[in-house]
Amino acid sequence: MWESASESVGGRDYGNGIISSTKQGLKTDGFELRGQSWYVASDIPSDLLVQIGDVNFHLHKYPLLSQSGKMNRLIYESRDPGLNKIVLDDLPGGPEAFVVAAKFCYGIAVDLTAGNISGLRCAAEYLEMTEDLEEGNLIFKTEAFLSYVVLSSWRDSILVLKSCGKLTPWAENLQIVRRCSESIAWKACANPKGIRWAYTGKPPKVSSPKWNDIKDSSPSSNQTVPPDWWFEDVSILRIDHFVRVITAIKVKGMRFELIGASIMHYAAKWLPGLIKDGARSVDEGSNSSNSSGSSWKGGLHMIVAATKEDPSSVQAKDQRMIIESLISIIPPQKDSVSCSFLLRLLRMANMLKVAPALVTELEKRVGMQFEQATLADLLIPSYNKSETLYDVDLTQRLLEHFLIQEQTESSSPSRQPFSDQRGTNTHAKMRVARLVDSYLTEVSRDRNLSLTKFQVLAEALPESARTCDDGLYRAIDSYLKAHPTLSEHERKRLCRVMDCQKLSIDACMHAAQNERLPLRVVVQVLFSEQVKISNAIANSSLKDASETQYQPMIPNRKTLLEGTPQSFQEGWTAAKKDINTVKFELESVKTKYLELQNDMENLQRQFDKMTNKKQTSAWTSGWKKLSKFTKMTTIENHHIESQVPEATIEQTRKTPRRWRNSIS
């Protein structure tokens, strides 16, 4: 039942969606279904058989001819008065719509609902049930019901648009799809605070409730409506109708983050295995044509198994169409969807042989936010005839798109300050460098990976992108392990991509004992290691400076170890034991050096004391000689005092005494 008690359109009453013809036809008690045939419960025998597919309708000519222009034309243009059979296999809506239209012609009240209105509207147009034959004919009443009842309801608009999937091209030509899409778009863009209609909402992630407890969400006065309230309802639509709705929502000006989130929600529902941790269970009947018995959960082994399916199957074609449609409607803004979603979409696009132009567009989108990628998403298998296990050429193209995008952003004027923009670009390149090093470490185990591809991918980034080459050294060591037959020249060529001066002390210790490296590279590593140890010893007395210098290396090494395979980390365990031993010996050398330095300082102090004693004895002998000379001068002065006045003598006596006191 509809919410309103009656819908009055043009003076005609639509009591709870129930309509009937104003013209009184044959008296009948209704229609009866016997097997695959419909019969009119009437005393008058039928004189017309209408066949639609496998269903037969035993009817009378007069009620149909009085309200259907097409039935009139078929009978009278046949020039056969005795024509008693008409085949209408191309009737939109099929037997379900025709039985409602036939009841309307007989004057029987029919119930219009969101489930049958689209098919009935198309069938009325096909049968030409216009106002020329009867006022208030079926076209008028179905059109009024669509405009005044369906389009004003959120749920009815969704259901009618979903039912239009089997009515192509009639639903398109009658503007049913466009009007429903516009209605849904307007309601989706409405302020969530003003929403008062029921919606499905996202399913909870907890254990499923009982069937009787499942109810639609109805916003109350104290309930906050989330901005993504419309995702689940829209996701039940067919892909072409979903595209129409999203296009209309874009025109209305919705935020690109919400549009991108709705696209990811739709993809999770219709493309099993696209989203991490497996696909969620799909609602019954919403995508029965696309759901398979076993949904693969995004692992390499599942993807390889999926390639065994026939690519020309119906499921593959449907998924290919969904992917192509989703690529075309992704908002152009950078962060509208996640990089992980784009890479997984790219993986399926390559697997299902999507159009090359759309794949290239998707690769450019990944390049725009390549610094957000993870190693698990980047390990895309090679679905073409390439000999390598992973698609290294695809990663190379993604990296090139990233570098082009970075160059474009740095050269184009931006509102962001130049220093901030430069720092952001540098940070993004450093993250991409760590990602590429981890990727090279993983793919280097493939014996079919050529040295040229490895070298080109390793050298694609500028030197400034790597502040430490430990990750690159791990990739080189892994490649040398997987390719033991490389010549000396090839090994030297491989090691040229690495800068020995950017290796940490741990990596230098490991490389110095690595027999797979060329001798020249080992010498360079030893020289670099010696320089680092010398600098460490020289700065050991400056504790604060030492912490400032070496503390940033710790998080760097932790970050570089992210994404490193477990087997490769086990290879480092034995090397780290040797490194710890060397570190202990280095600490012992430092301790002995400090002890020697203390002994030297003690000897220096003793030497200074001895030197001070010798200088004091020499001065003492000098002072003794000077005192003797003073005594002789005093005797001579005493002899003169007798000839000088008393005051003068007294002054003369005081003066030498003061001089002696100062000396002594």
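Position labels on residues start from 1 in each chain and follow its written sequence. Totals for whole chains, interfaces and linings use all residues, but because this is a predicted model, local features are given only for residues with pLDDT of at least 70 and pairs of side-chain atoms are given and counted only at 80 or more. Where side-chain values are given, they derive from all heavy atoms of the structure, hydrogens and water being excluded.

- The protein chain is annotated in an unreviewed UniProt entry as NPH3 domain-containing protein from Hevea brasiliensis.
- We quote the UniProt Pathway (unreviewed entry) comment for the protein chain here in full: "Protein modification; protein ubiquitination."
- UniProt positions are given in the numbering used here, feature names are shortened, and annotations may be inferred rather than shown by experiment. As its UniProt record puts it under Sequence similarities (unreviewed entry), the protein chain is described as follows: "Belongs to the NPH3 family."

**Some words on the overall build of the protein chain**
Phase 1 of the analysis: Counting secondary structure elements, the protein chain contains 27 helices and nine strands.
Phase 2 of the analysis: Think of it in three bands: residues with accessible area under 20% of the maximum for their type are buried, residues over 50% are exposed, and the middle band is partly exposed, with areas taken using a 1.4 Å probe on protein chains only. Buried residues in the protein chain amount to 42% of all 664 residues.
Phase 3 of the analysis: Contact between two residues is taken to exist if any of their heavy atoms lie within 4.5 Å; hydrogens are not considered. Of all intrachain contacts in the protein chain linking residues separated by at least 6 positions in sequence, the fraction that spans at least 24 positions is 70%.
Phase 4 of the analysis: Carbon together with sulfur atoms contributes 54% to the accessible area of the protein chain, which is approximately 37,300 Å² in total. Secondary structure elements are taken from DSSP: a helix is a run of H or I of four residues or more, a strand is a run of E of two residues or more, and numbering for both begins at the N terminus. Each accessible area is a Shrake-Rupley result for a 1.4 Å probe, and residues are judged covered by the shown protein chains and nothing else.

**Focus on the sheet that holds strand β7 (residues 55-59)**
Phase 1 of the analysis: In space, the five strands of this open sheet follow the order β4-β5-β7-β6-β8, with mixed pairing throughout. Two strands in the sheet have a free side with no partner beyond their single neighbour: β4 (31-34) and β8 (85-87). Averaged over all neighbouring strand pairs, the angle between strand axes comes to 20°, with direction disregarded.
Phase 2 of the analysis: When DSSP locates at least two bridges between a pair of strands, those strands are taken to pair. With four bridges joining them, β4 and strand β5 (residues 37-40) adopt antiparallel strand pairing. When the bridges of β5 are listed, R34 appears paired with S37. Axes here mean lines fitted to C-alpha atoms, for a helix over just the part in contact, with angles spanning 0 to 180 degrees between N-to-C directions.

**A look at the pairing of β5**
Phase 1 of the analysis: Linking β4 back to β5 in an antiparallel pair, the connection comprises two residues, with G35 at a positive phi of about 70°.
Phase 2 of the analysis: In terms of strand pairing, β5 meets β7 through three bridges, oriented parallel. From the neighbouring strand, Y39 faces β7, where its bridge partner is H58.

**So, the packing of aromatic side chains**
Phase 1 of the analysis: In summary, the pairing rule links any two rings of Phe, Tyr or Trp, Trp by its six-membered ring, whose centres are within 6.5 Å, and it sorts them by plane angle into stacked for under 30 degrees, edge-to-face for over 60 and tilted for everything else. Counted according to the given criterion, the structure contains ten aromatic pairs.
Phase 2 of the analysis: For the ring pair F57 and F98, a centre distance of 4.9 Å and an interplane angle of 70° mean the geometry is edge-to-face. Here the residue F57 occupies a position in strand β7, and F98 occupies one in helix α3 (residues 94-105), the gap between them amounting to 41 residues. The two residues F57 and F98 agree in class, both being buried.

**Comments concerning the nonpolar core**
Phase 1 of the analysis: Counting residues in each nonpolar core, the largest one holds 153 residues, and the members touching the most others are V50, L59, L88, F98, W230, L326 and F370.
Phase 2 of the analysis: Looking at this core element by element, the count peaks at nine residues for helix α14 (residues 339-351).
Phase 3 of the analysis: Once residues within four sequence positions are removed from consideration, V50 is found in contact with V55, N56, F57, L59, L64, M71, I86, L88 and F98. The nonpolar core is taken to be a set of buried Ala, Val, Leu, Ile, Met, Phe, Trp, Tyr and Cys residues, with the residues joined through side-chain atoms within 4.5 Å.

**A look at α14**
Phase 1 of the analysis: The length a helix should cover is 1.5 Å for every residue beyond the first. The terminal C-alpha atoms of α14, which comprises 13 residues, lie 18 Å apart, in line with the 18 Å expected from a rise of 1.5 Å per residue.
Phase 2 of the analysis: Burial runs high along α14: 13 of the 13 residues are buried.
Phase 3 of the analysis: Looking one or two residues beyond α14, the residue adopting positive phi is K353, at roughly 60°.

**Describing the pairing of strand β6 (residues 48-52)**
Remark: a regular strand shows side chains that alternate across the two faces of the sheet.
Phase 1 of the analysis: Counting buried residues along β6, four of its five residues qualify, which places the element largely inside the surrounding structure.
Phase 2 of the analysis: Relative to β7, β6 is paired through five bridges, and the arrangement is antiparallel. What sits directly across from Q51, in β7, is N56.
Phase 3 of the analysis: Between the antiparallel neighbours β6 and β7 lie two residues, among them G53 with a positive phi of about 65°.
Phase 4 of the analysis: Here β6 runs beside β8; their pairing, made up of three bridges, is parallel. The partner of Q51 across the bridge, within β8, is V87.

**Some details on the pattern of salt bridges**
Phase 1 of the analysis: Salt-bridge detection follows one rule: a side-chain nitrogen of Lys or Arg within 4 Å of a carboxyl oxygen of Asp or Glu. In total, this model carries 18 salt bridges according to the counting rule given.
Phase 2 of the analysis: A salt bridge links D393 to K453; its shortest N-O distance comes to 3.5 Å. Note that D393 is positioned in helix α17 (residues 392-411) and K453 in helix α19 (residues 451-458), a separation of 60 residues in sequence.
Phase 3 of the analysis: Given a relative accessible area of 36%, D393 falls into the partly exposed group.

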